[in-house]
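Descriptive analysis of the structure
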Amino acid sequence: MKKNKAFKFRIYPTSEQKVLLGKTFGCCRLVFNYFLNLSTKKYDEEKITLKYKDYALMLNDLKREKEFLKEIDSISLQQELRHLADSFNNFFKYKKGYPKYKRKAMHNDSYSTMNVNDNIEILDKKYIKLPKIGKVQCKVHRDITNDYQLKSATISRVPSGKYYVSVLYEYEKEPISYKIDESKILGLDYQMKNLFISDNIIKTNDDFLKLYTKNEKRLQFLQKTLSRRQRPNHKKEIESSKRYEKQRIKVAKLLEYQKNKRIDYYNKLSKEIANQYDIVVIEDINMQDMAKESKLNSKATYDNGFGIFRNMLKYKLENLGKKLIIVDKYFPSSKLCNVCGYKNELLAITDKTWECPNCNTVHNRDINASINLKKEGLRIYNS
Ligand SMILES: [Zn+2]
C-alpha cells in the first residue's frame, strides 16, 4: 500500500535566493491569475471550460510573450495550472467556491514543484536542492529513510517573513493487522468554546482555553497600533509605511507563534487519544456552517481548529489500525436520553442540564451527548 507523508522544514535562503523566490512567487501568481481570467471569459462568452492541457499549450505562447517567465522553475508554472484546473473541477463537480484570484497583499506566498530526475534533494541533512534556486540552507529535523521517495516540494513565505519547504514523500506501508477492542471507545462532542468534551476526558478543555487566551491581550494591542499606522500620512509616506511594515511583522509573528502552539497542542492531544483508544466517534461538523450560524462565535470556530484536530486524529488512528467514526450531523446526540432512549424535542441550546421525563435521569447536556455518540459509533462500527 502506497502512502504519502509530508515533512515541513524551515529554510534560510540567501538574499540572492530570496530575490529569485520572490520572482517565482510573482510569476506563479501572474500565471494563475492570467489563466483564471481567460477561463472566466471563455466560459462567459462561449460556455467552454478549459482543461489542463489547454492551459499548458497556451502557457508556451505566454512564455514567448513574457520572456521573464523563462527565468524561473518551469514546473512550478505547470503546477499552478494543475492547481487551477483542479479548482475549476471542484467548482463544477463538487459545487465548491469559484476559484479566487491570488492577491499579492496577502503576504502569504507559495509555489509547488515536482521532483524530476532528483532535481529536488536533501543534502547532508543541511541543505535542500531546489530547481533553479539551488542549494538552500535547511533545518532538517527528521530522519528520512531511503525507502521514502521524494515526490514534490512546496516552498512558502509566511507573513512574518520566514521561509519553509514542505517536502512530500511516498513510501510503501504494510497493512496493519490490529485487533480493535470495542470497549476502548471514546465519544467526542464538539464544543465551540472548548474544542470538545467527553464523558471521561474533560481536563483538556482548560488546557486549551489557557492556550487560547494567552497572548490575546498583547495581540489586540499590537493590532490596534497596526490599524492606527495604516492611516496614510502624505508628508512622511515612506517613513510611515516602514513603521507599518515593522508593526505588521510583529503581529504576524505573534499570530504564527500562537498557531504553532495550538498545532503542537492538537498533535499531542490527538496522539494521546489515538494511543489510548481504539475507536473514536465524532460528529460530522461543517466548520463553515457553524461560523455562519453564529456570527459571534465565528472567530472561535476557526481559531480552535477542530477540523485540523480531526484530521490529525484520523491520520494517527488509521496509522495504528484503529478507527475514527464520523456520525451524521443530523444525529440528535444532545436530545436523546442515553439511559432509556427518550428524545427530548424541547431541549433548548441554552439548557446545560435536563431531566429525562421518562426515566428521571438528570443529564449534563454534553456528557450525555458524548455517551450517545459512543453508542451510535459502535452501532455504525458493527453494521
Ligand atoms: Zn430517560
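Just so you know, these numbers come straight off a predicted model, no measurement behind them.

1. Some remarks on the overall build of the protein chain
A count of helical and extended segments in the protein chain gives ten helices and 13 strands. Relative to its full complement of 383 residues, the protein chain shows a buried share of 23%. In the protein chain, the share of contacts with a sequence separation of at least 24, taken over all contacts with a separation of at least 6, comes to 67%.

2. What about the packing of helix α2 (residues 52–65) against helix α3 (residues 74–94)?
Axis separation between α2 and α3 bottoms out at 9 Å; the angle between their running directions is 145°. Crossing of α2 over α3 shows right-handed handedness. Seen from α2, the contacting residues are Y52, Y55, A56 and L59; seen from α3, they are L77, Q78, L81, R82, L84 and A85. Its residues assigned to classes, the contact of α2 with α3 shows eight nonpolar, one polar and one charged.

3. Description of the packing of helix α1 (residues 15–46) against α3
Taken N-terminus to C-terminus, the directions of α1 and α3 make an angle of 40°; their axes are 9 Å apart at the nearest point. For the element pair α1 and α3, the recorded crossing hand is right-handed. Only S76, L77, E80, L81, L84 and F88 of α3 make contact with α1, whose side of the interface consists of T24, C27, C28, V31, F32, F35, L36 and S39. When grouped by side-chain class, the residues that make up the contact of α1 with α3 number ten nonpolar, three polar and one charged.

4. What to know about the nonpolar core
Grouped together as the largest cluster of nonpolar side chains are 26 residues, with contacts concentrated most on C28, L84, L130 and V165. At the level of secondary structure, the elements contributing two or more residues to this core comprise α1, α3, β4 (127–130), β5 (134–138), β6 (149–157) and β7 (163–172). Per element, the largest residue contribution to this core is seven residues, and it comes from α1. In this view, L84 contacts F32, F35, L36, Y55 and P99; residues no more than four positions away in its chain are not counted. Grouped together as the second largest cluster of nonpolar side chains are 21 residues, L188, Y190, Y266 and I282 included.

5. Here we look at the pairing of strand β1 (residues 2–12)
Two elements, β1 and β7, share ten bridges in a ladder whose sense is antiparallel. Opposite N4, over in β7, you have E170 as the bridge partner. Direction of pairing for β1 relative to β5: antiparallel, over a ladder of two bridges. Of the residues in β5, the one forming a bridge with Y12 is Q137.

6. Regarding the environment of S152
Tracing the backbone shows S152 in strand β6. Those residues within four positions of S152 in sequence are excluded, and the remaining contacts are S112, T113, M114, N115 and L168.

7. Remarks on the sheet that holds β7
An order of β2-β6-β7-β1-β5-β4-β3 is seen for the seven strands of this open sheet, with the pairing classed as antiparallel. Each end of this open sheet is capped by a strand with a single partner; those strands are β2 (109–114) and β3 (121–123). Going from strand to strand, the sheet's axes swing by 35° on average, the running direction of each strand aside.

8. So, unusual backbone geometry
Across the chain, the bulk of peptide bonds are trans and the bulk of non-glycine residues have phi less than zero. In this structure, N117 is a non-glycine residue whose phi angle is positive, near 50°. Along the chain, the position of N117 falls in the loop between β2 and β3. Overall, the presence of 5 C-beta atoms within 10 Å leaves N117 in the exposed class. With phi around 50°, D124 is a residue other than glycine that occupies positive phi space. Relative to the helices and strands, D124 is located in the loop between β3 and β4.

9. With respect to the pairing of β7
Bridging between β6 and β7 involves eight bridges; their strand directions are antiparallel. The partner of T154 across the bridge, within β7, is S166.

10. Here we look at the confidence of the model for the protein chain
For the protein chain, per-residue confidence averages 86 on the pLDDT scale, and 86% of positions sit at 70 or higher. Counting contacts from residues 295–302, a segment whose pLDDT is below 50, to residues more than four positions away or on other chains yields nine contacts.

11. A closer look at the environment of D86
Relative to the elements of secondary structure, D86 occurs in helix α3. Through-space distance from the C-alpha of D86 to that of Y52 is 8.6 Å; in sequence the pair is 34 residues apart.

12. Looking at the environment of K139
Inspection of the secondary structure assignment puts K139 in the loop between β5 and β6. Each C-alpha atom, one on K139 and one on I11, is 6.3 Å from the other, the two residues being 128 residues apart in sequence. Discounting residues that sit within four places of it in the chain, K139 has contacts with F9 and R10.

13. Looking at α3
The terminal C-alpha atoms of α3, which comprises 21 residues, lie 30 Å apart, in line with the 30 Å expected from a rise of 1.5 Å per residue. Here α3 has its buried residues at S76, L77, Q79, E80, L81, L84, A85 and F88. Turning to α3, the residues buried within the fold contact α1, α2 and β2. In the segment just after α3, K95 is the residue with positive phi, at about 55°.

Reading the values: rules and limits
Along each chain, numbering runs from 1 in the same order as the chain's sequence is written. Only residues with pLDDT of 70 or above have their local features reported here, since the model is predicted, and side-chain atom pairs are shown and tallied only from 80 upward, although totals for entire chains, interfaces and linings are computed over all residues. To qualify as a helix, a DSSP run of H or I must reach at least 4 residues; to qualify as a strand, a run of E must reach at least 2; elements of each kind are numbered from the N terminus. With C-beta atoms placed from the backbone, a residue is buried if 20 or more other C-beta atoms are within 10 Å of its own, exposed if 12 or fewer are, and partly exposed between those counts. Remark: residues whose backbone-derived C-beta atoms lie within 7 Å of one another are considered to be in contact. Interaxial angle, 0 to 180 degrees, is taken between N-to-C directions of lines fitted to C-alpha atoms, where a helix line uses only the stretch in contact. Handedness of a crossing is defined here by the sense of rotation of the near helix relative to the far one, left-handed for an anticlockwise turn of less than a right angle and right-handed for a clockwise turn. Polarity classes work like this: nonpolar for Ala, Val, Leu, Ile, Met, Phe, Trp, Tyr, Cys and Pro, charged for Asp, Glu, Lys and Arg, and polar for all others, with Gly in that last group. Working definition: the nonpolar core is a set of buried Ala, Val, Leu, Ile, Met, Phe, Trp, Tyr and Cys residues, joined through C-beta atoms within 7 Å. Criterion used throughout: strands pair if DSSP finds at least two bridges between them. Note on scores: pLDDT gives the predictor's confidence for each residue, bounded by 0 and 100. Helix span is expected to be 1.5 Å times the residue number reduced by one.

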